[in-house]
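Reading the structure
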Amino acid sequence: MSEDDSSSTACSMSDPEGSNVSVLNWEQVQRLDAILTETIPIHGRGNFPTLEMQPRQIVKVVRRRMEEKQIHVRDVRLNGSAASHILHGDSGLGYKDLDLIFCADMKGERDFQTVKDIVLDCLLDFLPDCVNKEKISPLTLKEAYVQKMVKVCNDSDRWSLISLSNNRGKNVELKFVDSLRRQFEFSVDSFQIKLDSLLLFYECSENPMAETFHPTIMGESVYGDFSEALDHLRHKFICTRNPEEIRGGGLLKYCHLLVRGFRAASESKMKSLQRYMCSRFFIDFSDIGEQQRKLESYLQNHFVGLEDRKYDYLMTLHGVVNESTVCLMGHERRQTLGLIAMLAVRVLAEQNVIPNVANVTCYYQPAPYVADGNFSNYYIAQVQPVFACQQPAYSTWLPCN
């Protein structure tokens, strides 16, 4: 099939039996081994010491203690951007968080609490020997080393997440999944790598891995066709299925892919997808305060070391929201656009591109359908100072087209 033919069929949804899995080659196995054996610092808040751990070590300890507590672990997988990086190292995505999935049988609140206690207790094993561990409570460990905790338990989804802090954005995220209806947003982030055979090799083999001597490791695409999803990753295509199932955060991920050079495999379908994602974003984050918290959190977690791309990201998001939002009243839409513009100005100020953001006024031309005489020609949004500034105030204006 030619490249043109491949592109034209990039969003087909065929899923023949067995097409969603593939065996990793030696080069991919080497990248996986490097990630699992890399020492990652888990930074403590305040005076708490930094924990040094390899991903394979924390997986081994947590899994063993789950089995001791009669919580059966079906398998352990690597998910997200790290899995995509292993399968195609030149995708341009890189990876930050290390997403480790424990597929386990967890049927009730008691199991979720047990898993939480296990993870916090395991952190004690990685504390330096000089620390008096007997005086450290689970609550103290949580406050010192856990970035966030999430638990979802309903008819279709039963899972929890514990994210361990890393100041450089490479958080170790332990996800415990009994059931999860939607496990991906786009085909390029749909990959999961099953780790069990490699973890067993670490335990049992006395010889190091080689091209002719290494375990068989399977990769899976929960999007559907593995080869198709990998082709999207290699050619930087954005594609998905059942876009109505993507939650509000999918809009932020979509704009992140655009900034990284990814493009729609089908322009017509992407127009529809953008409208879906904008609508879902405003359903999940209906309040302007919620929107600001979500955007600030995304910028903080996904642009560590990439601060120079924040402005481009926010302007890309501004363009998508401006073009594809159809579910809001005019003033709500302008309010969100004003928020994004304000964050963009703050980013420029942090990078010393502009001297001060204490008095910024954003001007927006109203939508073409606004013909009511009660509307003035311009909507003027006064932005409050986003941080204290010791310098004299300057008049700073942001043109918004």
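Keep in mind that what you see is a predicted model, and the values were worked out from it rather than measured.

The next thing to look at is the overall build of the protein. Scanning the protein from N- to C-terminus turns up 13 helices and 15 strands. Counting the 401 residues in the protein, one finds 49% classified as buried. Taking the contacts inside the protein whose residues are at least 6 apart along the sequence as the reference set, 70% of them involve residues at least 24 apart. When the accessible surface of the protein is totalled, it reaches about 20100 Å², and 47% of it is carbon and sulfur.

This part takes up the side chain of Gln274. On the secondary structure map, Gln274 appears in helix α10 (residues 267–284). There is a polar contact of 2.8 Å between the side chain of Gln274 and the side chain of Ser324. In contact with Gln274, other than residues within four places in its own chain, are Tyr254, Val320, Glu323 and Ser324.

What follows concerns the confidence of the model for the protein. In this model, the protein carries an average pLDDT of 85, and 84% of its residues clear a pLDDT of 70 or more. Averaged over each element, pLDDT in the protein is lowest for helix α1 (residues 3–8) (37) and highest for strand β9 (residues 191–194) (98). With pLDDT under 50 throughout, residues 375–401 is counted as low confidence; its partners more than four residues away or in other chains account for 56 contacts.

A few words on the sheet that holds strand β8 (residues 172–179). Judged by pairing direction, the sheet is mixed, and its 8 strands sit side by side in the order β1-β10-β9-β4-β5-β8-β7-β6 without closing on themselves. The open sheet has two edge strands, β1 (21–23) and β6 (146–153), and neither has a second partner. In this sheet, neighbouring strand axes are inclined to one another by 20° on average, regardless of whether the strands run parallel or antiparallel. Looking at chain direction, strand β4 (residues 73–79) and β9 are connected through 3 bridges and run antiparallel. Bridge pairing in β9 links Arg77 to Lys194.

Taken as a whole and judged by the stated rule, the model has 20 salt bridges. Ionic pairing is found between Arg77 and Asp75, a salt bridge with its closest N-O pair at 3.2 Å. For the pair Arg77 and Asp75, one class covers both residues: buried. Across the salt bridge formed by Arg158 and Asp178, the nearest N and O atoms sit 2.6 Å from each other.

The next subject is the nonpolar core. One finds Leu32, Met66, Phe176 and Ile193 to be the most contacted residues of the largest nonpolar core, which totals 104 residues. Sequence-distant contacts of Ile193, that is, excluding residues within four places in its chain, are made with Leu24, Leu32, Val76, Arg77, Leu78, Ala83, Ile86, Leu87, Ile217, Met218 and Gly219. Counting residues in each nonpolar core, the second largest holds 6 residues, with Cys103, Trp159, Leu161 and Leu180 among its members.

This brings us to α10. Given a rise of 1.5 Å per residue, 18 residues ought to cover 26 Å, and the 25 Å separating the end C-alpha atoms of α10 matches this to within 8%. Listed as buried for α10 are Met270, Leu273, Gln274, Met277, Cys278, Phe281 and Phe282. Taken around the axis of α10, the buried residues stretch over an arc of 160°, which confines them to a single face. Looking at α10, the residues exposed on the side facing more than 90 degrees away from the buried face are Ser268 and Ile283. Against β11 (237–238), α9 (250–259), β12 (263–264), α11 (288–302), α12 (310–324) and α13 (330–350) lie the buried residues of α10.

Throughout the structure, instances matching the rule amount to 11 aromatic pairs. With 6.3 Å between their ring centres and 35° between their planes, Phe186 and Tyr254 make a pair best called tilted. On the criterion of sequence distance, the pair formed by Phe186 in the loop between β8 and β9 and Tyr254 in helix α9 is long-range, its members being 68 residues apart. The two residues Phe186 and Tyr254 agree in class, both being buried. Over the ring of Phe184 we find Arg182; its NZ or CZ atom is 4.3 Å from the centre of that ring.

Within the element layout of this structure, Ser84 appears in helix α4 (residues 80–87). Excluding residues that lie within four positions of it along the chain, Ser84 makes contacts with Val188, Asp189, Phe191 and Leu233.

For Gln70, which is not a glycine, the phi torsion comes out positive at approximately 65°. Along the chain, Gln70 falls in the loop between α3 (55–68) and β4. Of note in the backbone geometry, Asn242 takes a positive phi value of approximately 50° without being a glycine. Following the sequence through the fold, Asn242 ends up in the loop between β11 and α9.

Relative placement of two packed helices is described by the angle separating their axes and the distance separating the axes. One can describe the packing of α3 onto helix α5 (residues 109–123) by two numbers: an axis separation of 10 Å at closest approach and a directional angle of 135°. As judged from the angle between their axes, α3 and α5 are oblique. Seen along the crossing, α3 lies across α5 with a hand that is right-handed. In this structure, α3 uses Ile58, Val61, Val62, Arg65 and Met66 to contact α5, whose residues at the interface are Val115, Ile118, Asp121 and Cys122. Taken together, the residues of the contact of α3 with α5 break down into 7 nonpolar, no polar and 2 charged.

Rules of the game
Residues numbered from 1 in each chain as written. Predicted model: local features only at pLDDT ≥ 70, side-chain atom pairs only at ≥ 80, totals over all residues. Heavy atoms only, no water. Helix = DSSP H or I, 4+ residues; strand = E, 2+ residues; numbered from the N terminus. Buried < 20%, exposed > 50% of the residue type's maximum accessible area, 1.4 Å probe, protein only. Contact = heavy atoms within 4.5 Å. Areas by Shrake-Rupley, 256 points an atom, 1.4 Å probe, with all protein chains shown as cover. Polar contact = N/O pair within 3.5 Å; in protein donor to acceptor, adjacent residues only side chain to side chain. pLDDT = per-residue confidence, 0-100. Pairing = 2+ DSSP bridges. Axes fitted to C-alpha atoms, helices over the stretch in contact; angles between N-to-C directions. Salt bridge = Lys/Arg side-chain N within 4 Å of Asp/Glu carboxyl O. Core = buried A, V, L, I, M, F, W, Y, C linked by side-chain atoms within 4.5 Å. Expected span 1.5 Å × (residues − 1). Arc of directions from axis to C-beta. Phe/Tyr/Trp six-rings, centres within 6.5 Å; stacked < 30°, edge-to-face > 60°. Lys NZ or Arg CZ within 6 Å of the ring centre and 35° of its normal. Parallel < 35°, antiparallel > 145°, perpendicular 65-115°, else oblique. Left-handed = near helix turned anticlockwise from the far one by under 90°. Nonpolar A, V, L, I, M, F, W, Y, C, P; charged D, E, K, R; others polar.

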